[in-house]
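# Examining the three-dimensional arrangement
Spelled out, the chains give:
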Amino acid sequence: MSVIKTVLRLFFYTDVVFLYNRVMKNIAIRKNTQAILDQYDLNALKKYGQNFLVDANIIHKIAQQANITKETCVIEIGPGIGALTEELAHQAKHVIAFEIDERMKNVLDHELECHNVEVILQDFMKVNLEEVVSTIEEEDVCVVTNLPYYITTDIIKKVLTTPTRINRMVALIQKEVALKLTGEEKSPLSNMIDYVGDIKYCMTVGKSVFIPAPHVDSAVIRIYKERNMDPVLIEVLEAAFKQKRKTMNNNMKALFQNETAQVLAACNINPTKRAQELNIDDFMKLAEERRKRL
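Read on for a plain summary of the structure. (Residues numbered from 1 in each chain as written. Predicted model: local features only at pLDDT ≥ 70, side-chain atom pairs only at ≥ 80, totals over all residues. Heavy atoms only, no water.)

Another point: the overall build of the chain. Within the chain one finds 14 helices and 9 strands. Principal-axis analysis of the C-alpha atoms places the extent of the chain at approximately 85 × 45 × 30 Å. A total of 294 residues make up the chain; the buried ones form 48% of that total. Within the chain, contacts between residues at least 6 apart in sequence are counted, and of these 70% link residues at least 24 apart. Surface accessibility of the chain: about 15300 Å² in total, with carbon and sulfur atoms responsible for 52%. One finds the centroid of the 38 positive side-chain charges in the chain at a distance of 5 Å from the centroid of its 39 negative side-chain charges. (Helix = DSSP H or I, 4+ residues; strand = E, 2+ residues; numbered from the N terminus. Buried < 20%, exposed > 50% of the residue type's maximum accessible area, 1.4 Å probe, protein only. Contact = heavy atoms within 4.5 Å. Areas by Shrake-Rupley, 256 points an atom, 1.4 Å probe, with all protein chains shown as cover. Lys, Arg positive; Asp, Glu negative; His and termini not counted. Charge placed at Lys NZ, Arg CZ, Asp CG, Glu CD.)

What follows is the structure, given as C-alpha coordinates:
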(Lines give C-alpha, C1' and ligand atoms only; values in the text may rest on other atoms or scores of the structure.)
Protein backbone atom coordinates (compact mmCIF):
# COMPACT_ATOMS: atom_id res chain seq x y z
CA MET A 1 0.00 0.00 0.00
CA SER A 2 2.85 2.38 0.85
CA VAL A 3 4.38 1.76 -2.58
CA ILE A 4 1.08 2.64 -4.27
CA LYS A 5 0.81 5.83 -2.21
CA THR A 6 4.34 6.78 -3.16
CA VAL A 7 3.65 6.22 -6.85
CA LEU A 8 0.41 8.20 -6.69
CA ARG A 9 2.20 10.96 -4.82
CA LEU A 10 4.87 10.99 -7.50
CA PHE A 11 2.31 11.23 -10.32
CA PHE A 12 0.49 14.02 -8.49
CA TYR A 13 3.74 15.89 -7.95
CA THR A 14 4.68 15.47 -11.64
CA ASP A 15 1.30 16.83 -12.78
CA VAL A 16 1.59 19.81 -10.45
CA VAL A 17 5.09 20.59 -11.70
CA PHE A 18 3.91 20.30 -15.33
CA LEU A 19 1.01 22.64 -14.74
CA TYR A 20 3.20 25.03 -12.82
CA ASN A 21 5.79 25.11 -15.61
CA ARG A 22 3.10 25.52 -18.23
CA VAL A 23 1.61 28.51 -16.45
CA MET A 24 5.03 30.04 -15.86
CA LYS A 25 5.90 29.67 -19.55
CA ASN A 26 2.52 30.86 -20.78
CA ILE A 27 3.14 33.41 -23.53
CA ALA A 28 -0.33 34.88 -23.05
CA ILE A 29 0.45 36.33 -19.61
CA ARG A 30 0.87 40.08 -20.06
CA LYS A 31 4.31 40.30 -18.45
CA ASN A 32 5.55 37.35 -20.53
CA THR A 33 4.25 38.89 -23.75
CA GLN A 34 5.85 42.20 -22.93
CA ALA A 35 9.13 40.49 -22.04
CA ILE A 36 9.17 38.69 -25.40
CA LEU A 37 8.35 41.87 -27.30
CA ASP A 38 11.18 43.66 -25.48
CA GLN A 39 13.66 40.81 -25.89
CA TYR A 40 13.16 40.62 -29.66
CA ASP A 41 12.67 44.37 -30.07
CA LEU A 42 9.22 43.89 -31.58
CA ASN A 43 6.42 46.36 -32.08
CA ALA A 44 2.94 45.76 -33.47
CA LEU A 45 2.83 46.59 -37.17
CA LYS A 46 -0.26 48.44 -38.29
CA LYS A 47 0.01 47.06 -41.85
CA TYR A 48 -0.60 43.57 -40.46
CA GLY A 49 -3.29 44.66 -38.01
CA GLN A 50 -1.30 43.27 -35.08
CA ASN A 51 -2.70 43.35 -31.54
CA PHE A 52 -1.24 40.83 -29.11
CA LEU A 53 -3.81 39.16 -26.84
CA VAL A 54 -2.56 39.07 -23.25
CA ASP A 55 -5.21 37.20 -21.30
CA ALA A 56 -4.60 33.46 -20.78
CA ASN A 57 -8.18 32.87 -19.61
CA ILE A 58 -9.68 34.33 -22.80
CA ILE A 59 -7.25 32.38 -24.95
CA HIS A 60 -8.31 29.19 -23.18
CA LYS A 61 -11.98 30.05 -23.79
CA ILE A 62 -11.33 30.70 -27.49
CA ALA A 63 -9.74 27.28 -27.88
CA GLN A 64 -12.58 25.66 -25.93
CA GLN A 65 -15.14 26.98 -28.43
CA ALA A 66 -13.53 24.84 -31.14
CA ASN A 67 -14.08 21.52 -29.33
CA ILE A 68 -10.52 20.42 -30.07
CA THR A 69 -9.37 16.88 -29.28
CA LYS A 70 -6.12 14.96 -29.61
CA GLU A 71 -7.39 13.86 -33.03
CA THR A 72 -7.76 17.41 -34.35
CA CYS A 73 -5.55 19.37 -36.71
CA VAL A 74 -5.93 23.11 -36.16
CA ILE A 75 -5.10 25.69 -38.79
CA GLU A 76 -4.18 29.01 -37.20
CA ILE A 77 -3.89 32.25 -39.16
CA GLY A 78 -1.49 34.83 -37.74
CA PRO A 79 0.08 33.22 -34.66
CA GLY A 80 2.13 36.31 -33.86
CA ILE A 81 4.41 35.43 -30.94
CA GLY A 82 2.47 32.23 -30.26
CA ALA A 83 0.10 32.99 -27.35
CA LEU A 84 -2.94 31.27 -28.87
CA THR A 85 -0.74 28.76 -30.70
CA GLU A 86 0.61 27.49 -27.38
CA GLU A 87 -2.90 26.76 -26.10
CA LEU A 88 -3.97 25.11 -29.37
CA ALA A 89 -0.89 22.90 -29.36
CA HIS A 90 -1.70 21.76 -25.83
CA GLN A 91 -5.21 20.65 -26.88
CA ALA A 92 -4.74 19.44 -30.48
CA LYS A 93 -2.76 16.72 -32.18
CA HIS A 94 -1.29 19.06 -34.79
CA VAL A 95 -1.25 22.83 -35.42
CA ILE A 96 -0.39 24.46 -38.74
CA ALA A 97 0.19 28.19 -38.25
CA PHE A 98 0.44 30.64 -41.15
CA GLU A 99 2.38 33.81 -40.34
CA ILE A 100 2.94 36.67 -42.77
CA ASP A 101 5.38 38.61 -40.56
CA GLU A 102 8.89 37.18 -41.03
CA ARG A 103 10.03 38.83 -37.77
CA MET A 104 8.01 36.25 -35.86
CA LYS A 105 9.97 33.22 -37.09
CA ASN A 106 12.81 33.71 -34.61
CA VAL A 107 10.34 34.24 -31.75
CA LEU A 108 8.26 31.17 -32.56
CA ASP A 109 11.36 29.00 -33.06
CA HIS A 110 12.74 29.89 -29.64
CA GLU A 111 9.73 30.69 -27.45
CA LEU A 112 7.12 28.19 -28.62
CA GLU A 113 8.06 24.94 -26.88
CA CYS A 114 5.61 22.69 -28.75
CA HIS A 115 6.68 19.72 -30.86
CA ASN A 116 3.35 19.51 -32.72
CA VAL A 117 3.35 22.98 -34.30
CA GLU A 118 4.29 23.65 -37.91
CA VAL A 119 4.87 27.34 -38.68
CA ILE A 120 4.62 28.40 -42.33
CA LEU A 121 5.85 31.90 -43.21
CA GLN A 122 3.32 32.77 -45.87
CA ASP A 123 0.43 35.12 -46.50
CA PHE A 124 -2.67 33.01 -45.84
CA MET A 125 -4.56 34.75 -48.64
CA LYS A 126 -1.98 33.38 -51.11
CA VAL A 127 -2.05 29.85 -49.72
CA ASN A 128 -3.62 27.03 -51.73
CA LEU A 129 -5.89 25.99 -48.87
CA GLU A 130 -7.38 23.03 -50.71
CA GLU A 131 -3.89 21.63 -51.29
CA VAL A 132 -2.82 22.21 -47.69
CA VAL A 133 -5.86 20.44 -46.22
CA SER A 134 -5.47 17.52 -48.63
CA THR A 135 -2.07 16.76 -47.06
CA ILE A 136 -3.39 16.75 -43.47
CA GLU A 137 -3.61 13.24 -42.02
CA GLU A 138 -6.17 14.05 -39.32
CA GLU A 139 -9.82 13.71 -40.35
CA ASP A 140 -10.93 16.47 -37.99
CA VAL A 141 -9.71 19.85 -39.26
CA CYS A 142 -10.72 23.28 -37.95
CA VAL A 143 -9.55 26.89 -38.05
CA VAL A 144 -8.93 28.88 -34.86
CA THR A 145 -7.59 32.38 -35.19
CA ASN A 146 -7.25 35.93 -33.90
CA LEU A 147 -7.92 37.77 -37.15
CA PRO A 148 -6.57 41.20 -38.10
CA TYR A 149 -9.52 43.55 -38.52
CA TYR A 150 -8.56 44.84 -41.96
CA ILE A 151 -8.82 41.44 -43.67
CA THR A 152 -11.37 39.60 -41.51
CA THR A 153 -14.10 39.08 -44.10
CA ASP A 154 -11.66 38.06 -46.84
CA ILE A 155 -10.15 35.33 -44.67
CA ILE A 156 -13.52 33.99 -43.50
CA LYS A 157 -14.74 33.98 -47.10
CA LYS A 158 -11.66 32.04 -48.21
CA VAL A 159 -12.21 29.38 -45.54
CA LEU A 160 -15.89 29.06 -46.44
CA THR A 161 -15.56 29.04 -50.22
CA THR A 162 -12.56 26.73 -50.59
CA PRO A 163 -13.75 23.11 -50.96
CA THR A 164 -12.06 21.35 -48.04
CA ARG A 165 -13.03 19.17 -45.08
CA ILE A 166 -12.58 22.05 -42.62
CA ASN A 167 -15.78 21.74 -40.59
CA ARG A 168 -15.63 24.68 -38.18
CA MET A 169 -13.98 28.01 -37.60
CA VAL A 170 -13.53 29.94 -34.37
CA ALA A 171 -12.33 33.49 -34.83
CA LEU A 172 -11.67 36.55 -32.68
CA ILE A 173 -12.79 39.48 -34.81
CA GLN A 174 -14.00 43.06 -34.49
CA LYS A 175 -17.22 43.15 -32.44
CA GLU A 176 -19.04 45.26 -35.02
CA VAL A 177 -18.35 42.68 -37.73
CA ALA A 178 -19.42 39.84 -35.43
CA LEU A 179 -22.73 41.59 -34.74
CA LYS A 180 -23.34 42.10 -38.47
CA LEU A 181 -22.60 38.47 -39.30
CA THR A 182 -24.92 37.20 -36.56
CA GLY A 183 -27.61 39.87 -37.01
CA GLU A 184 -30.62 40.29 -39.26
CA GLU A 185 -28.93 42.40 -41.92
CA LYS A 186 -27.74 40.20 -44.77
CA SER A 187 -24.51 40.39 -46.77
CA PRO A 188 -22.82 38.02 -49.24
CA LEU A 189 -20.76 36.55 -46.40
CA SER A 190 -23.65 36.06 -43.99
CA ASN A 191 -25.60 34.31 -46.76
CA MET A 192 -22.62 32.03 -47.41
CA ILE A 193 -22.59 31.14 -43.73
CA ASP A 194 -26.33 30.39 -43.87
CA TYR A 195 -25.68 28.06 -46.78
CA VAL A 196 -22.74 26.10 -45.37
CA GLY A 197 -23.97 25.83 -41.78
CA ASP A 198 -24.51 28.30 -38.97
CA ILE A 199 -22.80 30.93 -36.85
CA LYS A 200 -22.79 31.74 -33.14
CA TYR A 201 -21.71 34.86 -31.26
CA CYS A 202 -19.73 33.30 -28.41
CA MET A 203 -18.45 36.18 -26.28
CA THR A 204 -17.28 39.78 -26.22
CA VAL A 205 -13.61 40.55 -25.62
CA GLY A 206 -12.71 44.01 -24.30
CA LYS A 207 -9.97 46.09 -25.89
CA SER A 208 -7.97 46.28 -22.64
CA VAL A 209 -6.65 42.70 -23.02
CA PHE A 210 -4.50 43.54 -26.04
CA ILE A 211 -1.06 45.06 -26.56
CA PRO A 212 -1.49 47.59 -28.04
CA ALA A 213 -5.16 48.14 -27.19
CA PRO A 214 -7.34 48.54 -30.31
CA HIS A 215 -9.87 51.35 -30.54
CA VAL A 216 -12.85 48.98 -30.42
CA ASP A 217 -13.96 45.81 -28.66
CA SER A 218 -13.65 42.36 -30.21
CA ALA A 219 -15.81 39.25 -30.19
CA VAL A 220 -15.43 35.52 -30.67
CA ILE A 221 -17.59 33.81 -33.28
CA ARG A 222 -17.94 30.14 -34.19
CA ILE A 223 -18.98 28.95 -37.65
CA TYR A 224 -19.97 25.35 -38.25
CA LYS A 225 -19.46 24.22 -41.84
CA GLU A 226 -21.62 21.27 -42.83
CA ARG A 227 -21.08 21.48 -46.59
CA ASN A 228 -18.93 23.29 -49.13
CA MET A 229 -20.06 26.38 -50.97
CA ASP A 230 -21.78 26.08 -54.33
CA PRO A 231 -19.59 28.10 -56.77
CA VAL A 232 -22.66 29.13 -58.79
CA LEU A 233 -24.27 30.44 -55.63
CA ILE A 234 -21.15 32.52 -54.95
CA GLU A 235 -21.51 34.05 -58.42
CA VAL A 236 -25.18 34.88 -57.77
CA LEU A 237 -24.46 36.46 -54.37
CA GLU A 238 -21.63 38.60 -55.72
CA ALA A 239 -23.82 39.87 -58.55
CA ALA A 240 -26.81 40.51 -56.28
CA PHE A 241 -24.82 42.57 -53.78
CA LYS A 242 -22.53 44.30 -56.24
CA GLN A 243 -24.58 47.49 -56.06
CA LYS A 244 -26.57 47.37 -52.81
CA ARG A 245 -28.87 50.28 -53.60
CA LYS A 246 -30.05 48.78 -56.84
CA THR A 247 -32.95 46.37 -57.14
CA MET A 248 -32.65 42.68 -57.91
CA ASN A 249 -34.07 43.40 -61.35
CA ASN A 250 -31.08 45.62 -62.10
CA ASN A 251 -28.35 43.55 -60.44
CA MET A 252 -29.43 40.22 -61.91
CA LYS A 253 -29.19 41.51 -65.47
CA ALA A 254 -25.45 40.85 -65.30
CA LEU A 255 -26.25 37.12 -65.11
CA PHE A 256 -29.59 36.72 -66.85
CA GLN A 257 -29.72 39.69 -69.25
CA ASN A 258 -33.08 39.89 -71.03
CA GLU A 259 -34.39 36.85 -69.11
CA THR A 260 -34.10 38.58 -65.72
CA ALA A 261 -37.80 39.33 -65.24
CA GLN A 262 -38.73 35.77 -66.21
CA VAL A 263 -36.15 34.26 -63.83
CA LEU A 264 -37.20 36.42 -60.88
CA ALA A 265 -40.84 35.51 -61.47
CA ALA A 266 -39.96 31.80 -61.60
CA CYS A 267 -38.20 32.18 -58.23
CA ASN A 268 -41.10 34.18 -56.70
CA ILE A 269 -38.77 37.12 -56.07
CA ASN A 270 -40.15 40.66 -56.22
CA PRO A 271 -37.97 42.44 -58.83
CA THR A 272 -38.09 45.70 -56.84
CA LYS A 273 -36.50 44.14 -53.76
CA ARG A 274 -32.84 44.60 -52.91
CA ALA A 275 -30.42 41.77 -52.15
CA GLN A 276 -30.32 42.43 -48.39
CA GLU A 277 -34.07 41.80 -48.24
CA LEU A 278 -33.77 38.23 -49.53
CA ASN A 279 -32.77 35.03 -47.74
CA ILE A 280 -30.50 32.15 -48.69
CA ASP A 281 -33.40 30.11 -50.12
CA ASP A 282 -34.07 32.88 -52.64
CA PHE A 283 -30.46 32.92 -53.75
CA MET A 284 -30.37 29.12 -54.01
CA LYS A 285 -33.33 29.29 -56.42
CA LEU A 286 -31.48 31.88 -58.49
CA ALA A 287 -28.39 29.68 -58.49
CA GLU A 288 -30.47 26.83 -59.94
CA GLU A 289 -31.76 29.10 -62.69
CA ARG A 290 -28.20 30.25 -63.39
CA ARG A 291 -26.97 26.65 -63.52
CA LYS A 292 -29.58 25.83 -66.18
CA ARG A 293 -28.10 28.52 -68.40
CA LEU A 294 -24.44 27.63 -68.06
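Glancing now at unusual backbone geometry. Peptide bonds are mostly trans, and most non-glycine residues show a negative phi. The amide bond that connects Ile 211 to the next residue, Pro 212, takes the cis arrangement and shows omega of -15 degrees. Position of Pro 212 relative to the elements: it lies in the loop between strand S8 (210-211) and strand S9 (218-225). The phi dihedral of Asp 41 falls on the positive side, at around 55 degrees, and the residue is not glycine. Asp 41 gets classed as exposed once you look at its relative accessible area, which sits at 66%.

In this section: the packing of aromatic side chains. One pass over the structure, following the stated rule, counts 2 aromatic pairs. Stacked on the ring of Phe 124, the Lys or Arg Lys 158 has its end atom at 5.1 Å from the ring centre. Between the NZ or CZ atom of Arg 227 and the centre of the ring of Tyr 195, over which it lies, the distance is 3.7 Å. (Phe/Tyr/Trp six-rings, centres within 6.5 Å; stacked < 30°, edge-to-face > 60°. Lys NZ or Arg CZ within 6 Å of the ring centre and 35° of its normal.)

Another point: the nonpolar core. Formed by 57 residues in total, the largest nonpolar core has its most connected members in Ile 75, Ile 156, Met 169, Met 248, Met 252, Phe 283 and Leu 286. Every residue in contact with Met 252, bar those within four places of it in the chain, is listed here: Val 236, Ala 239, Ala 240, Gln 257, Thr 260, Leu 264 and Leu 286. The next biggest cluster of nonpolar side chains, apart from the first, holds 39 residues, and it includes Ile 36, Ile 58, Ile 81 and Leu 172. (Core = buried A, V, L, I, M, F, W, Y, C linked by side-chain atoms within 4.5 Å.)

To continue, consider the side chain of Glu 86. By the secondary structure assignment, Glu 86 is in helix H4 (residues 83-91). Of the polar contacts made by the side chain of Glu 86, one reaches the backbone nitrogen of Ile 27; its length is 2.9 Å. (Polar contact = N/O pair within 3.5 Å; in protein donor to acceptor, adjacent residues only side chain to side chain.)

This next bit is on the packing of helix H3 (residues 56-65) against H4. In contact at an axis separation of 9 Å, H3 and H4 are set at 50 degrees when each is read in the N-to-C sense. Here H3 lies oblique to H4, going by the angle between them. Regarding H3 and H4, the two cross each other, and that crossing is right-handed. Here H3 contributes Ile 59, His 60, Ile 62 and Ala 63 to the contact with H4, which in turn contributes Ala 83, Leu 84, Glu 87, Leu 88 and Gln 91. (Axes fitted to C-alpha atoms, helices over the stretch in contact; angles between N-to-C directions. Parallel < 35°, antiparallel > 145°, perpendicular 65-115°, else oblique. Left-handed = near helix turned anticlockwise from the far one by under 90°.)

At their nearest, the axes of helix H10 (residues 231-240) and helix H14 (residues 280-292) sit 9 Å apart, and the two run at 115 degrees to each other. One way to sum up the angle between H10 and H14 is to call them roughly perpendicular. The handedness of the crossing between H10 and H14 comes out as right-handed. Of the residues in H14, those touching H10 at Val 232, Leu 233, Glu 235, Val 236, Leu 237 and Ala 240 are Ile 280, Phe 283, Met 284, Leu 286, Ala 287, Arg 290 and Arg 291.

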